[in-house]
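Residue-level structural notes
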Amino acid sequence: MRAHDLSAGDDVLARVHEAARKAVRIHGMPGAEITLINVSENATYRVDDPATGERFVLRVHRLGYHSTQAILSELDWLEALREEAGVHTPRVLPSPGGSRVLTVLGAEPRDCVMFEFLPGTEPSQDRLVPDFERLGAITARMHRHARSWRRPAGFTRFHWDYEAALGAESRWGRWQDGAGVGVEALAVLGRLDKELRERLHRFGRDPGRYGLIHADLRPANLLVAGDEPPSVIDFDDCGFGWYLYDLAAAVSFVEHHPRVPEMIASWVRGYRTVLDLPAEDEAEIWTFIMFRRLLLVAWIGTHTGVEIAAELGTGYTEGTCELAERYLSGPSR
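The following refers to the structure shown.

Observations regarding the packing of helix α5 (residues 183-203) against helix α10 (residues 307-328)
Where α5 contacts α10, the axes come no closer than 9 Å and their chain directions differ by 50°. Relative to α10, the element α5 lies oblique. The crossing of α5 and α10 is left-handed. Within the contact between the two elements, α5 uses Ala185, Val188, Leu189, Arg191, Leu192, Glu195, Leu196 and Arg199 and α10 uses Thr317, Thr320, Cys321, Ala324, Glu325, Tyr327 and Leu328. Each residue belonging to the contact of α5 with α10 can be placed in one class, and the counts come to nine nonpolar, two polar and four charged.

Regarding the packing of aromatic side chains
Taken as a whole, this structure holds 16 aromatic pairs when the rule is applied. Residue placement shows Arg147 over the ring face of Tyr243; its charged tip is 4.7 Å from the ring centre.

Regarding empty space enclosed by the protein
Unoccupied space between atoms shows up once a probe the size of one water molecule is rolled over them. The final tally for this structure, using the stated rule, is one cavity of 30 Å³ or more. Put simply, the largest cavity is a space of about 30 Å³. Broken down by class, the residue content of the lining of the largest cavity amounts to six nonpolar, no polar and two charged.

Examining the nonpolar core
With 84 residues, the main nonpolar core has Trp77, Met142, Leu166, Leu192 and Phe291 as its most contacted residues. Top element by residues in this core is helix α9 (residues 285-302). It accounts for twelve residues. Dropping the residues within four chain positions of it, Met142 is found in contact with Trp77, Leu81, Val87, His214, Leu217, Val232 and Phe235.

A short note on the layout of surface pockets
The space that makes up the largest pocket amounts to roughly 1,400 Å³. If you go around the largest pocket, you meet 47 residues; those closest to its centre are Asn38, Arg218, Ala220, Asn221 and Asp234. Elements represented by at least two residues in the lining of the largest pocket include exactly β1 (33-39), β2 (43-49), β3 (54-60), β5 (110-116), α3 (128-148), β7 (222-223), α9 and α10. Taken together, the residues of the lining of the largest pocket sort by class into 24 nonpolar, nine polar and 14 charged.

Focus on the pattern of salt bridges
Pairing is possible between side chains of opposite charge, provided their charged atoms come close. Inspection of every chain in the model, using the stated rule, returns 28 salt bridges. Its salt-bridge partner being Arg174, residue Asp177 comes within 3.0 Å of it at the nearest N-O pair. The partner of Asp193 in a salt bridge is Arg197, and the shortest N-O contact between them spans 3.5 Å. Placement of both Asp193 and Arg197 in helix α5 is noted, with a separation of four residues, approximately one turn of the helix.

Scoring rules and cut-offs
- Residues numbered from 1 in each chain as written.
- Predicted model: local features only at pLDDT ≥ 70, side-chain atom pairs only at ≥ 80, totals over all residues.
- Heavy atoms only, no water.
- Axes fitted to C-alpha atoms, helices over the stretch in contact; angles between N-to-C directions.
- Helix = DSSP H or I, 4+ residues; strand = E, 2+ residues; numbered from the N terminus.
- Parallel < 35°, antiparallel > 145°, perpendicular 65-115°, else oblique.
- Left-handed = near helix turned anticlockwise from the far one by under 90°.
- Contact = heavy atoms within 4.5 Å.
- Nonpolar A, V, L, I, M, F, W, Y, C, P; charged D, E, K, R; others polar.
- Phe/Tyr/Trp six-rings, centres within 6.5 Å; stacked < 30°, edge-to-face > 60°.
- Lys NZ or Arg CZ within 6 Å of the ring centre and 35° of its normal.
- 1 Å grid on protein atoms, 1.4 Å probe; cavity = no way out; pocket = protein on both sides within 12 Å on 5 of 7 lines; lining within 4 Å.
- Points joined across faces, edges and corners; volume = space filled by probe spheres on them.
- Core = buried A, V, L, I, M, F, W, Y, C linked by side-chain atoms within 4.5 Å.
- Buried < 20%, exposed > 50% of the residue type's maximum accessible area, 1.4 Å probe, protein only.
- Salt bridge = Lys/Arg side-chain N within 4 Å of Asp/Glu carboxyl O.

Everything listed is a geometric property; what it means functionally is a separate question.
Here is the structure:
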């Protein structure tokens, strides 16, 4: 799998920026200023409309990741969580024609979604442990809703099972092609891959363990404003996966942090204020952390245009090998 289009170089971001400008004009804000916030799976812009003084967030989708129907399905869950579960999620600003997903035509038609701008900032790094308890509780509320929610007709989102993440589909590319994966890393990570495949197969996909998840529910996707409950943003990766994958995603890129065990314990405490987490499930937490970590090795290899991927690079692979050795030599392995 080659790097996705937003990491392809050339003038791709200029073309995406033009798509963003067209989307803003269609939304009736021809004089709005658009500012690129970040590039990851998609390009996200802040939109400031001088005519009204209002601010919005525009997401311009990458090519070939989601169908329009899949994006609409994501937005259905956002709305349901806000209306039915009390989870703060951003509202969508439909286009003048009433479409929640606006397809901007051109040589490369791109789907765009305009969201309300929510106040707040990412939680402070100084409060990682206590904030993880709150994150665990929010996650459990989302899981509880997902288990009972009657999904609308036509709802479609992809899966984050083994095949989609590390197997035949390799949605973010093959970990074997990650940054700095040489002969030694291939051997260590190959052992890890085999162990993960076997353990996930044994763990199974019982409805109490596997369902609709955010799939990227980490502090960077929370907005905290004063004493108000955090807002949850960026559902672009939401789909069907193991509920414990949301905990693994919460420690993305910092799995080696010395306080991760405390963060995990805090998350579990918060989760258990809302839902049960059986001891046998808790025992597999590091299986899901390593599953996510190996998936991120692949992600870094195909997202070279993303700032954090370029920053982590080979060092992330080396750290993954160290964590893999520790995991594979654990008492239950």
